[in-house]
Amino acid sequence: MSARMDVDSDTKQSDSVDEALYNRQLYVIDHESMKKMQQSTVLLAGMNGLGAEIAKNTILAGVKSVTVYDQQTVQINDLASNFYLKPESVGKQTRSAACIEDLKSLNPYVDVSVVDDS
């Protein structure tokens, strides 16, 4: 008696692959794999230097959505490792909130959001 839940039905992506945007990836993976990747959702916990790099690469790869979670307030030493953080954010914003606009600008096909615990 289990019904299938269609949680992600309001997708921005169609069933096709933007070959101009993803042409480099399509040399390595086929269209079917790219379509599957476009249906994937990702939760990324931690926006330190490594988290920022993983977020960037995941968004550029073309998944359906990326949600970032990091409740740590930006510290001055974070500026050395996370290239999306700006000095104006130090002590004022969480790392995920400070990065979100730059991450959203990477790929218009990917829904990028922040988990906000406040």
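Residues numbered from 1 in each chain as written. Predicted model: local features only at pLDDT ≥ 70, side-chain atom pairs only at ≥ 80, totals over all residues. Heavy atoms only, no water.

Undergrad: Would you mind going over the side chain of R95 in detail, with residue names and values included?
TA: One can find R95 in helix α4 (residues 95-104). At a separation of 2.8 Å, a polar atom in the side chain of R95 contacts the side chain of D70. What R95 contacts, discounting residues up to four positions off in sequence, is M47, N48, D70, Q72, V74, D78 and L85. (Helix = DSSP H or I, 4+ residues; strand = E, 2+ residues; numbered from the N terminus. Polar contact = N/O pair within 3.5 Å; in protein donor to acceptor, adjacent residues only side chain to side chain. Contact = heavy atoms within 4.5 Å.)

Undergrad: Before we move on, can you summarise the confidence of the model for the protein chain with the specific residues and values?
TA: For the protein chain, the average pLDDT comes to 82, and 74% of its residues sit at 70 or higher. Counted against residues more than four places away or in other chains, residues 1-13, with its pLDDT under 50, gives twelve contacts. (pLDDT = per-residue confidence, 0-100.)

Undergrad: Mind laying out the pairing of strand β3 (residues 111-114), listing which residues take part and the relevant values?
TA: Note that strand β2 (residues 65-69) and β3 share four bridges and pair parallel. Residue pairing in the sheet places V68 in a bridge with V114 of β3. (Pairing = 2+ DSSP bridges.)

Undergrad: Residue-level account of the pattern of salt bridges, with values.
TA: For the structure on display, the rule yields four salt bridges. When the shortest N-O distance is used, the salt bridge between D70 and R95 registers 2.8 Å. Here the residue D70 occupies a position in the loop between β2 and α4, and R95 occupies one in helix α4, the gap between them amounting to 25 residues. The exposure class of R95 is buried, given its relative accessible area of 13%. Among the salt bridges present, the one from R95 reaches D78, with a minimum N-O distance of 3.2 Å. Of the two residues, R95 is situated in helix α4 and D78 in the loop between β2 and α4; the sequence distance between them amounts to 17 residues. Taken together, the shared-partner salt bridges connect D70, D78 and R95 into one network. (Salt bridge = Lys/Arg side-chain N within 4 Å of Asp/Glu carboxyl O. Buried < 20%, exposed > 50% of the residue type's maximum accessible area, 1.4 Å probe, protein only.)

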